[in-house]
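# Observations on the model geometry
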Amino acid sequence: MTSGTKEMCLVQLFFQTESAHTCINELGLLGLVQFRDLNPGAAAFQRRFVKEVRKCEEMERILRFLEAEITRCNIPVSVTVDSVGVSCPRELLELECKIKKLEEELKEINGNHDVLKRNFIELLEIRSLLKVSTDFFEEVHIYTLKTDVLKTIQNVLLLQDRRMKKDAFVIFVQGDQVQGKIKKICNGFRANLYPCPNNFHAREEMRLNVHTRIEDLRMVLRRTEEFKVTVLTKAAGTIHQWVTKVKKMKAIYYTLNLCNIDITQKLIVAEIWCPVSDLNSVQNALIKGSEQSGSTVSPVLNRIQTQQIPPTFNRTNEFTKGFQTIVDAYGVSNYREINPAPYTIITFPFLFAVMFGDCGHGIILTLLAIWFVDVLVGGRFIILLMGLFSIYTGLIYNDCFSKSFSICRSSWRVRHMFHNKTLHDFGHLHLDPEIPGVYSGSPYIFGIDPVWNIASNKLSFLNSYKMKMSVILGVSHMLFGMALSLVNYLHFRNFQNVLLRFVPELVFMLSLFGYLLFLILFKWTVRLRSETAPSILLIFINMMLFSYQTDDKFLYSGQKALQMFLVLQALLMVPVMLLIKPLLIYRHRVQLHMGDIFAYQAIHTIEHCLGCISNTASYLRLWALSLAHAELSEVLWRMLLRGTLGCHPGLGSLLLALVFSCFALLTFAVLIVMEGLSAFLHALRLHWIEFQNKFYQGAGFKFTPLSFTSL
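Every residue gets a number counted from 1 within its own chain, in the order that chain's sequence is written. For this predicted model, a pLDDT threshold of at least 70 governs which residues receive local features, and a threshold of 80 or more governs which side-chain atom pairs are given and counted, while totals over whole chains, interfaces and linings are taken from all residues. Excluded from the side-chain calculations are hydrogens and water; all other atoms, namely the structure's heavy atoms, are used.

As named in an unreviewed UniProt entry, the protein chain is V-type proton ATPase subunit a, taken from Pygocentrus nattereri. Listed in UniProt under the heading Subcellular location (unreviewed entry), the comment for the protein chain reads: "Membrane". UniProt positions are given in the numbering used here, feature names are shortened, and annotations may be inferred rather than shown by experiment. According to its UniProt record, the protein chain has this under Function (unreviewed entry): "Essential component of the vacuolar proton pump (V-ATPase), a multimeric enzyme that catalyzes the translocation of protons across the membranes. Required for assembly and activity of the V-ATPase."

Here it is as C-alpha cells:
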C-alpha cells in the first residue's frame, strides 16, 4: 500500500467472439481491470446479451429456492472454492436444464406432501371427533337438552386437544333446508364438517378404518420426506458450485454488454482501465483465455491516450482494507492524489487512544479484536490497533481501571510533607514542588507519576496536562496535513498554489498556533511558581487583541515585540491569500468572470482563517473525552468496588461476587462500548474534517474491477 494512488491507463482490447467468455473469465480471475461502457446511451433492453443476463437472473431465483429448501431441511451445504471459472456457455445451458428439472421435481414433491398433510390432519380430526362423540354418547342420552349437549362436547374436546386449539360440536337438525343453512354458516367460519354414525358399531368400524388410513398416510409422509431429503442432499453437495458458476456467467454477460462487436460479428472491441504496472499480467491473462478457447488469433492490446480522468485505485490487503474504508467513506481520493490511509493507520487509533486511554480497557479491546478474528474481517485490525494504542496511552496516563501502578520509584518524597506539616494542616495530600525536599527535580521515568493518583490536586494537574497535550497534538496533526498538501502541489506541478496558497497558509498557521505550541513547551521547560506564572490562554488572547498592560508578566524578554510581529505577519497573509492569486488568474485568463474568481478565493481564505481557530478548538475534544473516561472509571470504582472490598468473609464474599459482576457489566457496557463508540466517532471526525480538509479533495471515483473473488 502506497501513499499515492496507482497510475492507471486506458487500454483498447480486440479478441475473437469465440474466445470472449474465456478471456473475460481470465480477467475476472485476475481482478485488475475495469471495463468501460462503450454504449453509455443504450438502455438495458437494447443490450446484445440482455436475454442471457435475464436467464442468469432466473437461474439465481431457482438456486435461492433450492437453498431455502436445503436450509429448511437442516442439510449441511458443501462449500468448495471454484477457481477455474466458466469455460463456455454450453455449461450454462446444461446447468439451466438440470436446476429447472430439480425445481419442478421439488415443487411436485412439496405439492404432494401438502396434499398428504392435509388429508392426514383431517383424519386426525375425525379420530378425535369419534373419540369425543363415543365418550359423549356413552355418558349422556341422545334425547337430553340440546344446549347442555353443545356445551359439554365443546368443553371436552378443548381439554383433549389443546395443541390444535379446535372445538368440536354436534348439531341435531331436521329438514334439508335448515341443514343447508347450517352448512353455509359453518363454511363461513371455516369449520370442517364430518359425518357421525348413529350407532356404536358403525362408529367403531369407522374409527378402525380411520386408524388404518392414518398409519398408511404416516408411512407415506415419512417416505416422501425421506425422498425429498435425498434429493436435496445430493443437490447440497454442488449447489455452491452452481451459484458460483451462475454468478460468474452473469458477470461475463454483463461485461459483454459493455463491449462492442464489429460488423462481421467475429471480433469484440473493449476498453478497460487497468494499473500500468499490471499490463503484462493483463496481457498474459488474455493470451491464456484465448488458448483455452482454441482460438488461433491472439488478443490485441493498444494503450490509448484519453482526456478522461481515470478511476482511483489504492491497492490494499487484509490489514489496510479497514483503514482505506474509513478514508473512502469521506470520499474517494482524486486520481493520483495522496492517499491518507497509510498515515491513518497510525494517527486514527492513536487519537482514539488519547481519548480512551486506560491500560485495562485497552487490554479488553485487544482481546475482543483477537476474538473477532473470524467475525470482523477488516474491522478487527482497527479494533486491535485501538486496543494496543489504548494500552500505550494508559501506561502514559498511568491508569488501569482508574488505579495507578508504580513501576519505577516516584519522584516525590511524601515523607518530607509530614515534616512540613502539610498533611496535618490540610488533612489531605496536596503536591507542591516548592516545598523543600518534596520533589526530586527529575521527572518520572515513564508517564505520569503514580503519586498523583492520591493527590488532592490531581484533577487540576491532569486537566492542565491533557488540555495542553490536546492542543499540541491537534496543531501538529493539522500541520502534517498541510505538509501533505505541499506533496500534492509538487506532484501535480502546481507551483502557483505552493507560493500563493501553501506558503501564506503555513505562515498564518505558524504565526498564531505554532507560537501557541512554543508557549506551551517553553513554559514546561522553565521553573515558575503556579501563583505567579502567567496564563498561556490570557497571553494568547492579549496577543490577538494587542492588549498589553504595564504590569503584565512575560515568559521571556522581547516577548511583546515578537508577538506583535507574529500577529501582523499573520494578518498580512490574509490579503496575500485573498487578492494575489485571483489577480494573476485574471491577468492570464481575461475570459473568466472577475467576480467568480474573487468569490471563490474569498470563501477559501475565510474558511482557512476561521478553520485554523475552530479546528484547533475542535481538538480539545481529546482533553474532554479523556477526562470524562477517567472520571467515569473512577466513579465506578468508588461506588461499587472500593466499599465492597472491605467486607468480612462469608456473606461478604457473595456480595463481592455480585458487586464485581455489576462492575464488570457496567465497565463493558458504558466504558468499553459506549465510550469506545464515542471516542471512535470523535476520532473519525478529527480525521475527516480537521485533518483531511487540509489536503484531501475526495472527489474521485473508485476503481471497481471485474473480480470473481468478490462474488
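### Considering the nonpolar core
Residues enter a nonpolar core if they are buried and are Ala, Val, Leu, Ile, Met, Phe, Trp, Tyr or Cys, with the set joined through side-chain atoms within 4.5 Å. Relative accessibility thresholds used throughout: buried, under 20% of the residue-type maximum; exposed, over 50%; partly exposed, between the two (1.4 Å probe, protein chains only). Counting residues in each nonpolar core, the largest one holds 68 residues, and the members touching the most others are Leu-512, Phe-513 and Met-543. Helix numbering and strand numbering both begin at the N terminus, where a helix is a DSSP run of H or I of at least 4 residues and a strand a DSSP run of E of at least 2. No other element matches helix α16 (residues 495-525), which puts 11 residues into this core. Contacts are residue-level and defined by heavy atoms, with any inter-residue pair within 4.5 Å sufficient. Apart from the residues within four sequence positions on either side, Phe-513 is in contact with Val-475, Phe-540, Cys-612, Ile-613 and Thr-616.

### Examining the packing of helix α15 (residues 458-491) against helix α19 (residues 594-618)
Working convention: axes come from line fits to C-alpha atoms, limited for helices to the stretch in contact. Angles between N-to-C directions cover 0 to 180 degrees. For the pair α15 and α19, interaxial distance at closest approach is 10 Å and the crossing angle is 145 degrees. In the packing of α15 onto α19, the handedness of the crossing is right-handed. Taking contact as the criterion, the partners of Val-475, Met-478 and Met-482 in α15 are, on α19, His-608, Cys-612, Asn-615 and Thr-616. In this classification, the charged set is Asp, Glu, Lys and Arg, the nonpolar set is Ala, Val, Leu, Ile, Met, Phe, Trp, Tyr, Cys and Pro, and all remaining amino acids, among them Gly, are polar. Considered class by class, the residues forming the contact of α15 with α19 number 4 nonpolar, 3 polar and no charged. A clockwise turn of the near helix away from the far one marks a right-handed crossing, whereas an anticlockwise turn of less than a right angle marks a left-handed crossing.

### Overview of unusual backbone geometry
Trans is the prevailing form of peptide bonds, just as negative phi is the prevailing case for residues other than glycine. Its identity is not glycine, yet Arg-336 carries a phi of approximately 70 degrees, on the positive side. Mapped onto the elements of the fold, Arg-336 is located in the loop between α9 (321-330) and α10 (341-356). Positioned with a positive phi, Ser-402 is a non-glycine residue whose angle comes to about 70 degrees. Mapped onto the elements, Ser-402 comes out in the loop between α12 (379-397) and α13 (414-419). The class of Ser-402 is buried, set by a relative accessible area of 5%.

### Observations concerning the pairing of strand β1 (residues 8-16)
Among the 9 residues that make up β1, 7 are buried, leaving the element largely enclosed by the rest of the structure. Two elements, β1 and strand β4 (residues 267-275), share 9 bridges in a ladder whose sense is antiparallel. Residue Gln-16 lies in a different strand from β4, and its bridge partner there is Leu-267. By the convention used here, strands pair only if DSSP detects at least 2 bridges between them. The pairing of β1 with strand β5 (residues 300-304) spans 5 bridges and is antiparallel. Its bridge partner being in β5, Gln-12 is matched across the sheet by Asn-302.

### Quick notes on the UniProt feature "transmembrane region" (unreviewed entry) in the protein chain
As recorded in UniProt, the sites labelled "transmembrane region" (unreviewed entry) are residues 345-373, 379-397, 471-492, 498-521, 533-550, 562-584 and 651-674. As annotated, residues 533-550 comprises 56% helix and 0% strand, and the C-alpha atoms at either end are separated by 16 Å.

### So, the packing of aromatic side chains
Two rings belonging to Phe, Tyr or Trp (six-membered ring only in the last case) form a pair when the distance between their centres is within 6.5 Å. Interplanar angles under 30 degrees mark stacking, angles over 60 mark edge-to-face geometry, and anything in between is tilted. Under the defined criterion, the tally for this structure stands at 24 aromatic pairs. On the basis of an interplanar angle of 35 degrees and a centroid distance of 6.4 Å, the ring pair of Phe-660 and Phe-663 is categorised as tilted. Linking Phe-660 with Phe-663, this pair stays in helix α21 (residues 651-691), spanning 3 residues, or about one helical turn. The exposure class assigned to Phe-663 is buried, which follows from its relative accessible area of 9%. Following the ring pairs from residue to residue traces out a cluster consisting of Tyr-330, Tyr-343, Phe-480, Trp-688, Phe-691, Phe-695 and Tyr-696.

### Considering a nonpolar patch on the surface
On the surface, a nonpolar cluster with roughly 490 Å² of combined accessible area is contributed by Leu-537, Leu-538, Ile-541, Met-544 and Leu-545. Here Leu-545 shows up in helix α17 (residues 536-545). You can call Leu-545 exposed: its relative accessible area is 62%. The patch calculation keeps residues exceeding 30% relative accessible area without a salt bridge and links them within 9 Å when they carry like charges or within 5 Å when they are nonpolar (Val, Leu, Ile, Met, Phe, Trp, Tyr). Using a 1.4 Å probe, the Shrake-Rupley method yields the accessible areas, and only the shown protein chains count as cover for residues. A pair is scored as a salt bridge if a Lys or Arg side-chain nitrogen falls within 4 Å of a carboxyl oxygen belonging to Asp or Glu.

### A look at the layout of surface pockets
One simple way to see leftover space: roll a probe sized like a water molecule over the atoms. Cavities and pockets are defined on a 1 Å grid built over the protein atoms alone: a cavity is a set of grid points where a 1.4 Å probe fits but cannot escape, while a pocket is an open set with protein on both sides within 12 Å along at least five of seven lines, and lining residues are those with an atom within 4 Å of any such point. Grid points are joined across faces, edges and corners, and a volume is the space filled by probe spheres set on the points. Approximately 1,600 Å³ is the volume found for the largest pocket. As for the largest pocket, its lining consists of 32 residues, of which Trp-412, Pro-433, Trp-452, Phe-461 and Trp-524 are closest to the centre. Elements represented by at least two residues in the lining of the largest pocket include exactly α15 and α16. Among the residues forming the lining of the largest pocket, the class breakdown is 14 nonpolar, 10 polar and 8 charged.

### Observations concerning the environment of Gly-387
Within the secondary structure layout, Gly-387 lies in helix α12. The class of Gly-387 is buried, set by a relative accessible area of 0%. Expressed as a C-alpha distance, the spacing of Gly-387 and Phe-352, which sit 35 residues apart in the sequence, is 9.4 Å. The residues contacting Gly-387, other than those within four sequence positions of it, are Gly-362, Leu-365 and Thr-366.

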